[in-house]
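What follows is the residue order along each chain.
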Amino acid sequence: MTRKLIKTSTNLKLYANNENEQNIDQDEPDKGLLSPQKFIVTDKKESEIGTFTLAPMPGCCGLVVSTALFLIQEYRSTPIGKEFMELKEWTPEYLGYSAVIATVQLENMAELKSSAKRQYKIIANWRNDRTGNELGIIFKKTNL
């Protein structure tokens, strides 16, 4: 696996899983993504604690889709979990995106609460007939 270090925070490191060799360069961070990009977060000992994927929205260079968020259970609702989410929130801005969208299961109260704390707003909801889940589309402007 080809990893590119993007940022080091107090307790964590953020890497791009750069197998598709996208331009994720600190000298030109506002170029955006060409295809979905998986990001890996490790602790200082390089143990993987979580991942997330960002995908460019077709036809809109200012919007990115956040998907496939995973954080190991022991770090959820902890200071390390908060630091993980700060890195996840920082990444779209670093890449030059002015807004982020994602989906959330409406029965997942912890995720809804976490999203609201991070200023995401539910802009639409529906029942996914494939899974039976009640979902919401959440939207947030970045600080660009």
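Before reading on, note that the structure itself is shown above.
Structural notes, computed from the coordinates. Everything numeric here is computed off the predicted structure, so don't read it as measured data.

Turning our attention to the pattern of salt bridges. A complete count under the given rule lists six salt bridges for this structure. Among the ionic pairs, Glu48 bridges to Arg3, the shortest N-O distance being 3.3 Å. Of this pair, Glu48 sits in strand β4 (residues 48-57) while Arg3 sits in strand β1 (residues 3-8), and the two are 45 residues apart along the sequence. Judged by its relative accessible area of 40%, Glu48 is partly exposed. A salt bridge links Lys13 to Glu46, with the shortest nitrogen-to-oxygen separation between them at 2.7 Å. Highlighted residues: Lys13 in strand β2 (residues 12-17) and Glu46 in the loop between β3 (37-43) and β4, separated in sequence by 33 residues. A relative accessible area of 18% means that Lys13 is categorised as buried. For Glu46, a relative accessible area of 34% puts it in the partly exposed group. Here the salt bridges do not stand alone but share partners, grouping Lys88, Glu89, Arg118 and Lys140 into one network.

Here we have eight strands laid out as an open sheet, ordered β1-β2-β3-β4-β5-β6-β8-β7, and mixed in their pairing. The sheet is open, and its two edges are formed by β1 and β7 (121-127), each paired on a single side. Strand after strand, the sheet turns through a mean of 25° between neighbouring axes, direction not considered. Summarising the sheet, strand β6 (residues 99-105) and strand β8 (residues 134-141) pair through seven bridges and their orientation is antiparallel. Paired with Ala99 across the two strands is Lys141, which belongs to β8. Seen against the sheet, helix α2 (residues 109-117) touches β6, β7 and β8 and runs at an angle of roughly 160° to β6.

Moving on to the pairing of β7. Here six bridges tie β7 to β8, and the two strands are oriented antiparallel to one another. For Lys121, the partnering residue across the bridge sits in β8 and is Phe139. Here β7 hands over to β8 after six residues, with Gly132 in that stretch at a positive phi of 80°.

What follows concerns the environment of Glu86. Its place among the elements puts Glu86 in helix α1 (residues 79-94). Take Glu86: its relative accessible area is 44%, and that puts it in the partly exposed class. Sequence-wise, Glu86 and Gln73 are 13 residues apart; in three dimensions their C-alpha atoms are separated by 17 Å.

Counted according to the given criterion, the structure contains three aromatic pairs. Look at Trp90 and Tyr94: their rings are 4.7 Å apart centre to centre, the planes differ by 25°, and that puts the pair in the stacked class. Here Tyr94 and Trp90 lie together in helix α1, a separation of four residues that amounts to about one turn. A relative accessible area of 24% places Trp90 in the partly exposed class. Connected via pairs of aromatic rings, a cluster forms that spans Phe39, Phe52 and Phe84. The aromatic ring of Trp90 is capped on one face by Lys7, whose charged end is 4.5 Å from the ring centroid.

Thresholds, definitions, all that
- Residues numbered from 1 in each chain as written.
- Predicted model: local features only at pLDDT ≥ 70, side-chain atom pairs only at ≥ 80, totals over all residues.
- Heavy atoms only, no water.
- Salt bridge = Lys/Arg side-chain N within 4 Å of Asp/Glu carboxyl O.
- Helix = DSSP H or I, 4+ residues; strand = E, 2+ residues; numbered from the N terminus.
- Buried < 20%, exposed > 50% of the residue type's maximum accessible area, 1.4 Å probe, protein only.
- Pairing = 2+ DSSP bridges.
- Axes fitted to C-alpha atoms, helices over the stretch in contact; angles between N-to-C directions.
- Contact = heavy atoms within 4.5 Å.
- Phe/Tyr/Trp six-rings, centres within 6.5 Å; stacked < 30°, edge-to-face > 60°.
- Lys NZ or Arg CZ within 6 Å of the ring centre and 35° of its normal.

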